Each structure stands twice: as structure tokens, then as C-alpha cells.
Amino acid sequence: MPPSTSPLLGDQPMKIGVFSPNCSGGMSMTEAPRSLEITWEHQIEIAQKLDRWGFDVIVPIARWKGFGGSTNFNGTSFETLTWAAGIAQATENISVVATTHVSTIDPVVAAKMAATVDHISGGRFGLNVVMGWFTPEMAMMQCDLLEHDERYTYGAEWLEFVQRLWSSDEPFDVDGKFFHAEGCESLPSPVQSRPTIINAGNSRSGMDYAAKYADINFFVTPDLEQMAGYTEAVKKKAREEYDRNISTMTSSIVICRDTEAEAKRVYDEILEKGDWPGAENLMSIMGMQVQSSFSEQIARFKERFIVGWGTMPLVGTPEQVVEALQQVSDTGMEGILFGFLNYSEEIDYMGEKILPLMREAGLRK
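Residues numbered from 1 in each chain as written. Predicted model: local features only at pLDDT ≥ 70, side-chain atom pairs only at ≥ 80, totals over all residues. Heavy atoms only, no water.

A. Representation of the nonpolar core in the model. The biggest cluster of nonpolar side chains holds 113 residues, and the ones touching the most others in it are Phe55, Trp158, Trp309, Leu325, Phe338 and Met358. No other element matches helix H5 (residues 148-167), which puts nine residues into this core. With sequence-adjacent residues up to four places away left out, Trp158 is seen in contact with Thr100, Val102, Ile105, Asp106, Pro107, Ala110, Leu127, Val129 and Phe179. (Core = buried A, V, L, I, M, F, W, Y, C linked by side-chain atoms within 4.5 Å. Buried < 20%, exposed > 50% of the residue type's maximum accessible area, 1.4 Å probe, protein only. Helix = DSSP H or I, 4+ residues; strand = E, 2+ residues; numbered from the N terminus. Contact = heavy atoms within 4.5 Å.)

In C-alpha cells, the structure reads:
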């Protein structure tokens, strides 16, 4: 099989993409007016604009249940594997990712679906592998949430099973701790040697999982020093312990306008109309159920959860946003996923005002 054809593994100095357009609210927990709609027509509009402007990737969130509050944040969403198939058919160049909670889908089914989307896309598919953390969602699907480190043990066996299905030409049996199966096969294989694997594990066991299996580790923090330290650590672990290379990406909510005052007004409106009860629900759940450096900071990030899922907010003029992106790049991060209040309109704004400045700064070719 040929090597990866994904733009995510290409030679752009800073990979860029969009996060969470498939879920109501996107990345902002607010009742501020927005244009994002969870309709298929709007999803295609967003994806095709990203494709035309030369973005590298579009990444959905796998969400089965909202977070309550006044907006029921993320409560309306498209399932990501079928979403990815449709988006792949409607685009030409951008990498299309699906996010899957490993405990909710059988490896044989996942391998076949992923290979199918990879063929639809012509080798542009990636899989964001998630261990699961939101107990109410798991309860909906009658999945018991394993102890934190055990989830990664399960995820490792799950992914090894899937990858063997992608690469094997002959039927095989599986007799592991979690999976026992006979005569396993899945053809056709993906177009790529394997679809790009993304993982957002950042705890000790999560970092080890990413270093061993992922092409890209997704790490979210507003702290540039922490970003640099983590990036160095996970790359060193992958290189020294598993003899492989790994890239890192982060995420940010972008509020960019022609003047800093305009951008700040939008930021303030998002907070003024924030879904504070929903944010409390989300923070409580993550604080109790996610064991990572991210969870330790939740109490200090209440506003950031309202504005953009706890990510680093980039608020200001195009010049200020690009300056901040340069600082992110200087930490060793090789990519960033953006969220917006108004995805469709702000993608065009970014293409017109920010991407030329990124090219001038050497962040994009």
C-alpha cells in the first residue's frame, strides 16, 4: 500500500484546521447570535470553504448527549463516521477526520467504515481515537466506563485489532484480554498504509498511548510554556521508547476583527450571554472523570469554557492573531484547530485577512 496521502502529514510549517462544526454551539457555550447550523447544507458549505482556502483538516466531535444548561451545548450533532463520508465526497483536498469512542464500536465495523471513507476521500481520511470519558453518554449505549488507565489498555487492543484488519491479506483470529474473534478480515484495505491516527490523551497513560500509536497528539492549554514542555516530552517518548515520530496539534477559539475593540466586544458578548449552568455541568463532569493536566486547570478556566471549550482564545486583529500563532509554532506545535462563533463567515475572513499574513510569517506555504 502507498504511504499516507493525508494533508495532515504534509510539509506545511503550521497545519491548520477547524474543530467541532458538526455540533450545536461549536466550541462556544453561549446564547450570543451565531450562524452555525447543524444542517447538511451548512456542513457542506463550511467544508467546501475550508477546501477552497487550503485548510489542511476538518475535525468533528463525537457527541451523543448535550451538557444541559440553557443551550444544551453540543446536544444536536451529526455522527462522525457517516459525516466524514459525506464531507469526503463533497471535498477534494482537505483531510477529513472522524472521531470515535472505541468502546462504542466493534473493531471490525470500525475498520471497514474507516477504509470505506478513505476510499471515498482518495486517501484523505484520519481517525481521532477517543477512550471515552462522559459517563451519561456511555450509559446511553450500555457501555461501562473502565478505570482510567484500563481504558487505554482497551484502546490499545482495539487499535491493534483495527490496524491488523487494515493490513492483513489473510483471515486471522484474535484472543486478547478484551476481544475474542475468529476468521477476521476486512477488504479492501485503506488507500493509505493506514489512515492518520489522532489521539488527545495527555495523562501519563494517555501520553504513552499517543507516543506508541498516534501520528498526531492533540494537546490543549493556554499556557505556552506548558505547551512547549509537553510537546518536547511526548516527542521524546515516541522517539526514544517506540522509535517513531509524532506531531502535536492544539486548538483555539478565534475572535478576529479589523480592530481589537471590535474583537473584544464579540468576546464580551459571548461571556455576557454565556451558558454558565452548562459550563458548570461540563466542568464538573470533566473534573471528576478526566485525569489529565487539563482537568487540573478547569477551575481557572470557567470563562474559557464559555468562549471556546477551555482552549486558548485568540482575540484581536489579524496581525495580533498571527503573532499569537507564531508563538504557538515556536513551542514546537505543528498545527492548530480553530473554532469560531460564526464558522462560515469567519473562515472567509481568515482566508482573506489571516492566511496571507501567515504566509508572510513563514507559517504557511
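B. Structural detail: the side chain of Arg244. Tracing the chain through its elements places Arg244 in the loop between helix H7 (224-242) and strand S9 (247-256). The side chain of Arg244 is buried and forms no salt bridge, while Asp215, the nearest opposite charge, is found at 4.1 Å. Polar side-chain contacts of Arg244 include one of 2.8 Å to the backbone oxygen of Ala211. Setting aside its immediate chain neighbours within four residues, Arg244 contacts Arg194, Ala210, Ala211, Lys212, Tyr213, Ala214, Asp215, Ala238 and Arg239. (Lys, Arg positive; Asp, Glu negative; His and termini not counted. Salt bridge = Lys/Arg side-chain N within 4 Å of Asp/Glu carboxyl O. Polar contact = N/O pair within 3.5 Å; in protein donor to acceptor, adjacent residues only side chain to side chain.)

C. Main features of the packing of helix H1 (residues 40-53) against helix H2 (residues 80-90). Relative to each other, H1 and H2 sit at 55°, their axes nearing to 10 Å. As far as their axial angle goes, H2 and H1 are oblique. Crossing of H1 over H2 shows right-handed handedness. Two secondary-structure elements touch here, H1 through Trp40, Gln43, Ile44, Ala47 and Gln48 and H2 through Trp83, Gly86, Ile87 and Ala90. A class-by-class count of the residues in the contact of H1 with H2 yields six nonpolar, three polar and no charged. (Axes fitted to C-alpha atoms, helices over the stretch in contact; angles between N-to-C directions. Parallel < 35°, antiparallel > 145°, perpendicular 65-115°, else oblique. Left-handed = near helix turned anticlockwise from the far one by under 90°. Nonpolar A, V, L, I, M, F, W, Y, C, P; charged D, E, K, R; others polar.)

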